[in-house]
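# Examining the three-dimensional arrangement
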Amino acid sequence: MGVSTYPTTYYEYALGVCGQVILSFVAPLVFSHLVYGVSLARPDLVQKYLGTWTQHPSVVRVFLHAYTLLSYATYVVSWVMLSCLVLLAVGFGHVHWAAGTVLISTMLIMALWYKVIDFDRSKKYGSMLDHLVSGRSTYSLIEMGTMMTETKKGKTHINHPILDEDKGGDEDEGEDNKDEGEVDERGDDIEHAPSADSISSPDSHHQQDDMRTRLLNILQSYLDTAPTSLRSRMRLFVVSLVAFIVVSFVACYISVGLCVEVQPTSYSTAFTRYFQPSYCPNGEICHFYFTVPDDLSTSLIASFHSSTKPTKPTLGRWLKTYSLFSGLCLFGTSSHKELLVKQDIDQLRLAYGGLANASYIRVTGIEEEERYVSSCDLSPLAANTTYYVVGMFFDQQGEPVFSSDELKVRTAPANRTSSYSFVTGGDMSMDEANMMLMQEAAKTEPLFAMVGGDIAYDNAFPQCYRRWDRWFVRWRDYLTTPLGYSVPMLLAIGNHEAGGFMVQPQDILYYSAYFPHALGSGTVDVLERKTYHRHNIGRSVTILSLDSWVVTPMADQVDFIRSNLQDATSNGVPFTLAIYHASLYPSVPSWEHLIVTDGRLYWEPLFSSLGLTAAFENHYHVYKRTFPIRNGHLVGDGDGDGVVYLGDGAWGIQGTDIPIVKDSWWIDKIEPVPFIYKVTVNDDNQGNISNDRKLYVEAIGLDGPVFDTWTKYRP
């Protein structure tokens, strides 16, 4: 589960840009005009509440500067936030959205500098740019909401219904003071501002005059501090704009190819990855591993990566290898690791004896380097047998390139006289707890490992391909057993492989390409590979790996579940298991209600009626074991067998921040701890003792303690 961090969708990004535009322009505009409108409507309130403190020049000056800084800060913060959106857009590859945001940011920075350099207000208030950019926000408050600036005779003139009272002593009354009832050129009455007598008593006249003088001096001093040289202001503006463009370009260049990983959270860009060594150098094989196919007792799938494109061999090479394919897997029941040093394909082929052709695909999501995945179907194999495998491909010069390691792997027993074990879990993460649980899993010498989704936490970011590289290295280093066996993988898809639930096949960038689970998958288009599949572990266990609507709706898997469970029953398979990501019976209050509802509607009736032994669930990062459940109810006497749901995926994830549901009717045991399951299959019925055929499940925590067990017997 975890806190998902997915590539920003177009509509989310558009809403973010709109929000910043509103913050940048609309908020200051509404605020300033609100104050301006109130002060015009009620100048008496201005005089009443501001008359006292406006007689203190220091207070007014501090207020003016504080408001000016706040006004500028609004623009700067908005520009920074818009710039962050630009970086995200570029990082996620939305170049057209980034271009639009850069345009908005440029307009915003120009508006900011317009406010900074144009203190003298040489333009009239009627200027549309001034009106939209500043909303008269600065002068609305400077003039206490009622002053307007305009150019008159080359000087700044301040009109105010209070401060202009009795100004006729300073200017010609015939021009500045109209008699009551005077009309304009059209004959309309001219409405006058309220007189001083209407808002103050005659005794306060001298006090108002003193206040007016002080205020005018402060304002004039404030305006005189503005730059006066148009050339210097233009030079400053051009330099600032060029610096803004350069910084934006550099920042965008550095942020291209943004990768956001979680569990734990980390970030990288194409720029930072350029200085890191590649996990898959040219001319080498990297990430050599196995996946579990249809029947583990008779076959295996070996896969390896390369950054060099495999090429079909030349005629001379074909005569020696009898292969028309670009790659090969050599395998046998004895080790010939010492021969890898010589890299002699003829000698190696004769020594191992087994040869499987490799088919390759190119991974399209990786743009910074090329990546090819070659897969070999190792079949037919003998059951319960150890094999040694090497991989190779032909480079563009026709020379063979071999894997640096010889892998040791074993097949499952086909009969019912042998026991074996495997491990399972989900939600792996890449922290220390995951590494410790991998080591504990390796100590059990498992035949294979099941992972129920949320494997590398790449979140379907195409730029996060190196998260998978690190995960493959960790699997090799920590999940090789003490006896030297590689552990094949049996996987189910999780939301962090696809970037969410209910996505399209093309949204899965790496999971389907990296993990073939059926023979012949190497020649199948990645988009055509199914996200649900069946696996037989000999004749004792059948496992259904299902898709909990990450891609495939749960209803679309009903026929698959029914036919395979019926087939297992008819063939006498004693234990049938299912593994998937999102839980039907979660350990926390689930927000995937539709998945829970559909799972109980479509899957659970089949699980109950067709005798599923247990279901391994994941996604919620909590240890959970339910009571046996049949058709949505606890199993009572005479109800037959029920299904036990085991979960909920914490192979390294350190618990959950969501309250667990200890009191839910289906919970038998629950603990918010990291864990894995060890499952032991003992299908020995030779002594005619019914309890000999059993499935024994152990929950293993950090450092190896077993803190819970569950056993299922079959007659």
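Just above, that's the structure.
Presented here is an overview of the structure given in this document. Predicted, not measured: the structure shown is a model, and the values here were computed from it.

Calculation criteria
Residues numbered from 1 in each chain as written. Predicted model: local features only at pLDDT ≥ 70, side-chain atom pairs only at ≥ 80, totals over all residues. Heavy atoms only, no water. Helix = DSSP H or I, 4+ residues; strand = E, 2+ residues; numbered from the N terminus. Buried < 20%, exposed > 50% of the residue type's maximum accessible area, 1.4 Å probe, protein only. Polar contact = N/O pair within 3.5 Å; in protein donor to acceptor, adjacent residues only side chain to side chain. Contact = heavy atoms within 4.5 Å. Pairing = 2+ DSSP bridges. Patch = residues over 30% accessible without salt bridge, like charges linked within 9 Å, V, L, I, M, F, W, Y side chains within 5 Å. Areas by Shrake-Rupley, 256 points an atom, 1.4 Å probe, with all protein chains shown as cover. Salt bridge = Lys/Arg side-chain N within 4 Å of Asp/Glu carboxyl O. Expected span 1.5 Å × (residues − 1). Core = buried A, V, L, I, M, F, W, Y, C linked by side-chain atoms within 4.5 Å. Axes fitted to C-alpha atoms, helices over the stretch in contact; angles between N-to-C directions. Right-handed = clockwise from strand over helix to strand, strands pointing away. Disulfide = S-S within 2.5 Å.

## Here we look at the side chain of Thr552
Looking at the secondary structure, you find Thr552 in the loop between strand 17 (541-545) and helix 17 (558-570). Classification of Thr552 as buried rests on a relative accessible area of 14%. Within the local environment of Thr552, its side chain forms a polar contact with the side chain of Thr531, the two groups lying 3.1 Å apart. Apart from residues lying up to four places away in sequence, Thr552 is in contact with Thr531, Tyr532, Asp547 and Gln557.

## Re the pairing of strand 27 (residues 706-713)
Alignment of strand 26 (residues 693-700) against strand 27, held across seven bridges, turns out to be antiparallel. Residue pairing across strands places Ala699 opposite Asp708, the latter belonging to strand 27. Hairpin geometry of strand 26 and strand 27 is characterised by an intervening segment of five residues between the two adjacent antiparallel strands and by a positive phi of about 70 degrees at Asp703.

## A closer look at a nonpolar patch on the surface
Judged by side-chain polarity, Val242, Val246, Val250, Tyr253, Ile254, Phe271, Tyr274 and Phe275 come together as a nonpolar surface patch covering roughly 840 Å² of accessible area. For the nonpolar patch, the secondary structure elements donating two or more residues are helix 9 (230-255) and helix 10 (270-274). With five residues, the top contributor of residues to the nonpolar patch is helix 9. Following the sequence through the fold, Ile254 ends up in helix 9. Among the residues examined, Ile254 registers a relative accessible area of 34% and is labelled partly exposed.

## Quick notes on helix 13 (residues 432-443)
Between its first and last C-alpha, helix 13 extends 17 Å over 12 residues, near the 16 Å set by a 1.5 Å rise per residue. Burial within helix 13 is extensive, with nine of its 12 residues counted as buried. Listed in full, the buried residues belonging to helix 13 are Ala433, Asn434, Met435, Met436, Leu437, Met438, Glu440, Ala441 and Ala442. Looking one or two residues beyond helix 13, the residue adopting positive phi is Glu445, at roughly 50 degrees.

## With respect to the nonpolar core
Counting 71 residues, the largest nonpolar core has Trp471, Trp475, Tyr514, Phe515 and Phe607 as its most contacted members. At the level of elements, helix 13, strand 14 (449-451), helix 14 (465-478), strand 15 (489-491), helix 16 (511-514), helix 17, helix 18 (593-609) and strand 24 (667-671) are the ones that each hand at least two residues to this core. When residues in this core are grouped by element, the largest group, five residues, is from helix 14. Non-local contacts of Phe515, meaning those with residues more than four positions away in its chain, are made with Tyr289, Thr291, Trp468, Trp471, Phe472, Met489 and Leu491.

## Structural notes on unusual backbone geometry
At the junction of Gln263 and Pro264, the peptide bond is cis and its omega measures out at -5 degrees in the coordinates. Note on placement: Pro264 falls in the loop between strand 3 (259-261) and strand 4 (266-268). Residue Gly647 is joined to Asp648 through a cis peptide bond whose omega torsion reads 5 degrees. In this structure, Ser429 takes a positive phi of about 65 degrees despite not being glycine. According to the relative accessible area criterion, Ser429 is buried, its value standing at 0%. With a phi angle near 60 degrees, Met502 is a residue other than glycine that sits in the positive phi range.

## Concerning the sheet that holds strand 20 (residues 623-626)
What the seven strands build is an open sheet, ordered 16-17-18-19-23-20-24; its pairing is mixed. Of all the strands in the sheet, just strand 16 (533-537) and strand 24 have a single pairing partner and so form its edges. In this sheet, neighbouring strand axes are inclined to one another by 15 degrees on average, regardless of whether the strands run parallel or antiparallel. Of the strand pairs in this sheet, strand 20 and strand 23 (residues 644-647) are connected by two bridges, and their pairing is antiparallel. Within the sheet, the bridge partner assigned to Arg625 lies in strand 23 and is Leu646.

## Focus on the pairing of strand 13 (residues 419-425)
By the criterion of burial, strand 13 is predominantly enclosed, with six of the seven residues buried. Across three bridges, strand 13 lies against strand 14 in parallel orientation. Its bridge partner being in strand 14, Val423 is matched across the sheet by Ala449. Each parallel crossover has a hand, and the one from strand 13 via helix 13 to strand 14 is right-handed.

## Remarks on the state of the cysteines
Per the stated rule, a full pass over the model turns up three disulfides. Paired through a disulfide, Cys259 and Cys464 show a sulfur-sulfur distance of 2.0 Å. Judged by the sign of its S-S torsion, about 115 degrees, the bond between Cys259 and Cys464 is right-handed. Here the residue Cys259 occupies a position in strand 3, and Cys464 occupies one in the loop between strand 14 and helix 14, the gap between them amounting to 205 residues. The disulfide partner of Cys280 is Cys286, and the S-S distance across this bridge is 1.9 Å. On the sign convention where negative means left-handed, the S-S torsion of about -80 degrees between Cys280 and Cys286 marks this disulfide as left-handed.

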